[in-house]
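Coordinate inspection notes
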Amino acid sequence: MQRIYDAQNELSAATHLTSRLLKEYDKQRFPLGGDDEVMSSTLQQFAKVIDELSSCHAVLSTQLADAMMFPISQFKERDLKEILTLKEVFQIASDDHDTAINRYSRLSKRRDNDKVRAEVVEDVYTSRKKQHQTMLHYFCALNTLQYKKKTALLEPLLGYMQAQISFFKLGSENLTQQWEDFLGTIGTSVQNVRREMEEEVGQMQENIQQMERSCDPLYAPCDPDPAHSPVCRNLTRKQGYLYIRNKTGLVSSSWERQYFFTQGGNLMQQGRGEVAGGLVTDLDNCSVMAVDSDDRRFCFQVTSFDGKKVVTLQAESRKDCEEWISTINNISRRIYLSENAEELAARVNQTALEAVTPSPSFQQRHESMRPSSKGRTGRTSSISSVGSEPSPALSVLSLDALVAPDTPIQFDIISPVTEEISGQNKAAAQPGRRSNPFGESGDNAAEDSEDSILHQLFIVRFLGSMEVKTAESADVISETMRQILAARAIHNIFRMTESHLLVTCDCLKLIDPQTQVTRLRFPLSSVVHCASHQDNKRLFGFVLQAAGGRGDSRVVCYIFESNNDGEKICDSIGLAKQIAFHSEMESKAVEKKKEQDKAKEKQQEELNKQRQIEKDLEEQSRLIAASSRPANLPTPDGQFLVLSSSQSEESDVGEEGKKRGESEA
């Protein structure tokens, strides 16, 4: 019965655990399992049924404990223990009685002592009475045990049967016709799943056979017909096995085959047997190129943006190598961050391919417009967006009119020091002043940075520059971008020089981020146009019109790539030009006001002089009139005032001294 009770408890616990695990099935994440709502709801229904069964088993366990285990446990622990105790007491009473009888039988006839004899008789009486009473209780308990033994055997069995009957009744009440229909539906669903599995297995076998027949040429490491499988250059994600070179010493190295894959802007590797991949290098703003190895073919090298980490990898074929290079190059440009990454990569690569030959639409437009007038429209806005509606100037100017076909492209930064600039620097150089080898002195740069109102710093990378024919069309930046990107893609030039672009109200400066030395300085007045790319907003450029050494002007277009939006940089340059224009207008207004103030002061001085002359003339006329009067003039009191000649002369002298003092003042 104890084993039955323990087994029932184990069954109840196992049933409850099964129900709990079925309820938690939705929280499991299987590697190949999808979101199957039907399966989840079915398991939830089973969990509900099994939970009810678990409750029934728990009730059965409680009934078995009360009706089966309790009576037999009480019989063992109470009744049998009582019999054993009475047996021991009866045995002790019997031993005491035997001892008293032996003592009584050893009483002597010769030495009869009444006191001793009375004690022995009393002892025999007490022990015999105790033995008799104990015997009666012991025999009564033995007779009662015969009945308790029957009840102790029948009551647990009765409780067991009643508990089982109650369990089955409870189960029949819970497992109604509804659950029977549900179980029937589930059985039908299981048969349908097996049928679908057999059909799927058959279809998969057919597909495997077809793929084995069609993919037989792909088993070779190199494709004998490159035209059959062209290189895809529009990828932004790629994975596959590559060999990586690991240095084992100063000169020696070893190659290890690993599984590589791209994840966002990172290159990851995963060894055989590993659960997750590890980071190899960051691909943002990195450079990648094909390299020649002494002992391996189809190798390429990935260099981090700071140049501190270089990874050399080997692909299985030339096609795989070119696809890896194109994919890493697309990731380096951060094309994967856009919504339609593959479409953007396709447009960029298509632009690179179209840059090899002039665009037919431009040629047709040029041929159709050749007989027309050659007038040029006015200068467009200095800030525009490349790739918008064609400007009127572009309808007249063709590609040949914008950029010469064989114009060299400069991919590195070289200071454009012309004869005029060098002459100005020689004339401006003074003893004791240290000049910058890039054509500017440190004092001038400090003065520019102190006097300028606007200071904005941007991180840019120089893509290239080339001389153009005209500066009157903003579309020249679009054509220059197209040719420079195409040349970089064709010649596999991915390394770019990173600089800090400082935008002030006086000039644009390219500063070395490590040495803080100014690499290039562009006067803001010579910047004609500035625009960003229509699709890739990180690309921007500006047209610079610089005066040559013999009086002619050179028009150069510079193309850059920025970490943030290129339109912000163009807006900053436009704001700097507006601030410079307003500053120039304010300075002109101040100078004009100063000239007006000077003219007013001069006019006021002339007016004061004229008034003084009029006052002097009036004074002289008054003196002449006074001198022409009679000598003795009557006073108001009736007296005569006599003016001598000395007094008149003194008055003349005083007037002349007063005039002389005013003129000197």
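Residues numbered from 1 in each chain as written. Predicted model: local features only at pLDDT ≥ 70, side-chain atom pairs only at ≥ 80, totals over all residues. Heavy atoms only, no water.

The helix and strand inventory of the protein stands at 14 helices and 18 strands. Burial statistics for the protein: of 665 residues in total, 31% are counted as buried. Looking at the protein alone, contacts between residues at least 24 apart form 65% of all its contacts between residues at least 6 apart. About 43,900 Å² of surface is accessible on the protein, with carbon and sulfur atoms providing 52% of the total. (Helix = DSSP H or I, 4+ residues; strand = E, 2+ residues; numbered from the N terminus. Buried < 20%, exposed > 50% of the residue type's maximum accessible area, 1.4 Å probe, protein only. Contact = heavy atoms within 4.5 Å. Areas by Shrake-Rupley, 256 points an atom, 1.4 Å probe, with all protein chains shown as cover.)

Let's shift gears to the sheet that holds strand S1 (residues 239–247). Judged by pairing direction, the sheet is antiparallel, and its 7 strands sit side by side in the order S4-S3-S2-S1-S7-S6-S5 without closing on themselves. Among the strands making up the open sheet, the edge pair consists of strand S4 (278–282) and strand S5 (287–291). Strand after strand, the sheet turns through a mean of 40 degrees between neighbouring axes, direction not considered. Two strands pair when backbone bridges link them, and strand S2 (residues 253–263) and strand S3 (residues 266–270) are joined in this way by 5 bridges, in the antiparallel orientation. Of the residues in S3, the one forming a bridge with phenylalanine 261 is methionine 268. Running over the sheet, helix H5 (residues 318–332) touches S1, S2, S3, S5 and strand S6 (299–303) and is turned about 15 degrees from S6. (Pairing = 2+ DSSP bridges. Axes fitted to C-alpha atoms, helices over the stretch in contact; angles between N-to-C directions.)

Here the focus is the pairing of S1. Bridge analysis of S1 against S2 gives 9 bridges, and the strand direction is antiparallel. Bridge pairing links arginine 245 to tryptophan 255 in S2. Counting the residues that bridge the hairpin from S1 to S2 gives 5 residues. As judged from the 2 bridges shared by S1 and strand S7 (residues 310–314), these two strands associate in the antiparallel manner. The residue of S7 that forms the bridge with isoleucine 244 is leucine 313.

For the rest of this paragraph, the subject is the packing of aromatic side chains. Evaluated as defined, the whole model comprises 14 aromatic pairs. Plain terms: the ring middles of tyrosine 259 and phenylalanine 261 are 6.2 Å apart, the flat faces sit at 35 degrees to each other, and that makes the pair tilted. On the basis of relative accessible area, phenylalanine 261 is assigned to the buried category, the value being 17%. Taken together, the aromatic side chains of Phe462, Phe522, Phe540, Phe542, Tyr558 and Phe560 make up a single cluster linked through ring pairs. One residue, arginine 257, lies across the ring of tyrosine 241, its end atom 4.2 Å from the ring centre. Over the ring of tyrosine 243 we find arginine 296; its NZ or CZ atom is 5.2 Å from the centre of that ring. (Phe/Tyr/Trp six-rings, centres within 6.5 Å; stacked < 30°, edge-to-face > 60°. Lys NZ or Arg CZ within 6 Å of the ring centre and 35° of its normal.)

If you check the backbone angles, asparagine 285 has positive phi at about 60 degrees while not being a glycine. Relative to the assigned elements, asparagine 285 resides in the loop between S4 and S5. Taking relative accessible area as the criterion, asparagine 285 reaches 15% and is therefore assigned buried. At arginine 334, a residue that is not glycine, the phi angle is positive and equals roughly 60 degrees. Within the element layout of this structure, arginine 334 appears in the loop between H5 and helix H6 (341–354).

If you walk through the whole model with that rule in mind, you get 16 salt bridges. In this structure, lysine 23 engages aspartate 51 in a salt bridge whose closest nitrogen and oxygen atoms are separated by 3.2 Å. Residue lysine 23 is located in helix H1 (residues 2–23), and its partner aspartate 51 is located in helix H2 (residues 37–105); the two are separated by 28 residues in the primary sequence. Judged by relative accessible area, which is 24%, aspartate 51 ranks as partly exposed. Via salt bridges that share partners, Lys238, Lys319, Asp320 and Glu323 belong to a single interconnected network. (Salt bridge = Lys/Arg side-chain N within 4 Å of Asp/Glu carboxyl O.)

We now examine the packing of H1 against H2. Relative orientation and spacing of two packed helices are given, respectively, by the angle between their axes and the distance between those axes. Axis separation between H1 and H2 bottoms out at 8 Å; the angle between their running directions is 160 degrees. The angle between H1 and H2 falls in the class roughly antiparallel. Helix-helix and strand crossings are classified by hand; for H1 and H2 the assignment is left-handed. The residue inventory of the contact of H1 with H2, partitioned by class, reads 15 nonpolar, 12 polar and 2 charged. (Parallel < 35°, antiparallel > 145°, perpendicular 65-115°, else oblique. Left-handed = near helix turned anticlockwise from the far one by under 90°. Nonpolar A, V, L, I, M, F, W, Y, C, P; charged D, E, K, R; others polar.)

Taken together, Tyr104, Leu107, Val116 and Val121 make up a surface patch of nonpolar side chains, about 300 Å² in accessible area. Within the element layout of this structure, valine 121 appears in helix H3 (residues 114–174). Under the relative-accessibility criterion, valine 121 is labelled partly exposed at 41%. (Patch = residues over 30% accessible without salt bridge, like charges linked within 9 Å, V, L, I, M, F, W, Y side chains within 5 Å.)

Moving on, we get to a negative patch on the surface. The grouping of Glu196, Glu198, Glu199 and Glu200 at the surface amounts to a negative patch. Given the relative accessible area of 43%, glutamate 200 is considered partly exposed. (Lys, Arg positive; Asp, Glu negative; His and termini not counted. Charge placed at Lys NZ, Arg CZ, Asp CG, Glu CD.)

Below, the discussion takes up the nonpolar core. By size, the foremost hydrophobic cluster in this structure holds 26 residues, and its most contacted members are Leu508 and Tyr558. Residues contacting leucine 508, with those up to four places away along its chain left out, are Leu501, Leu502, Val503, Leu520, Arg521, Phe522, Leu524, Val527, Phe542 and Ile573. (Core = buried A, V, L, I, M, F, W, Y, C linked by side-chain atoms within 4.5 Å.)

Moving on: the confidence of the model for the protein. Per-residue confidence for the protein gives a mean pLDDT of 77; residues scoring 70 or more make up 77%. Here residues 355–398 scores under 50 on pLDDT; set against residues more than four positions off or in separate chains, the count is 63 contacts. Every residue in residues 631–651 is under pLDDT 50, and counting partners more than four places away or in other chains gives 14 contacts. (pLDDT = per-residue confidence, 0-100.)

This part takes up the packing of H2 against H3. The N-to-C vectors of H2 and H3 enclose an angle of 170 degrees; their axes lie 7 Å apart at closest approach. One element, H2, and the other, H3, form an angle in the roughly antiparallel class. Of the residues contributing to the contact of H2 with H3, the split by class is 31 nonpolar, 13 polar and 13 charged.

The next point concerns helix H12 (residues 475–491). Over its 17 residues, H12 runs 25 Å from end to end, which matches the ideal 24 Å to within 8%, given 1.5 Å per residue. Summarising burial for H12: 13 of the 17 residues are buried, a large majority. (Expected span 1.5 Å × (residues − 1).)

Our focus in this paragraph is the state of the cysteines. A full pass over the atoms with the stated rule returns 0 disulfides. The closest cysteine sulfur to the non-disulfide-bonded cysteine 505 is located on cysteine 507, 9.9 Å from its own sulfur. For cysteine 505, a relative accessible area of 10% translates into the label buried. (Disulfide = S-S within 2.5 Å.)

By secondary structure assignment, the location of serine 326 is in helix H5. Spatially, the C-alpha atom of serine 326 lies 7.2 Å from that of leucine 235, the residues being 91 residues apart in sequence. With residues up to four places along the chain from it excluded, the contact list for serine 326 reads Arg233 and Leu235.

Helical periodicity: at 3.6 residues per turn, an α-helix aligns residues three or four positions apart in one direction. Over its 15 residues, H5 runs 21 Å from end to end, which matches the ideal 21 Å to within 8%, given 1.5 Å per residue. Of all 15 residues making up H5, 12 are buried, and the element is well covered by its neighbours. Turning to H5, its buried residues are Asp320, Cys321, Glu323, Trp324, Ile325, Ser326, Thr327, Ile328, Asn329, Asn330, Ile331 and Ser332. A positive backbone phi angle near 60 degrees is found at arginine 334, which sits one or two residues after H5.

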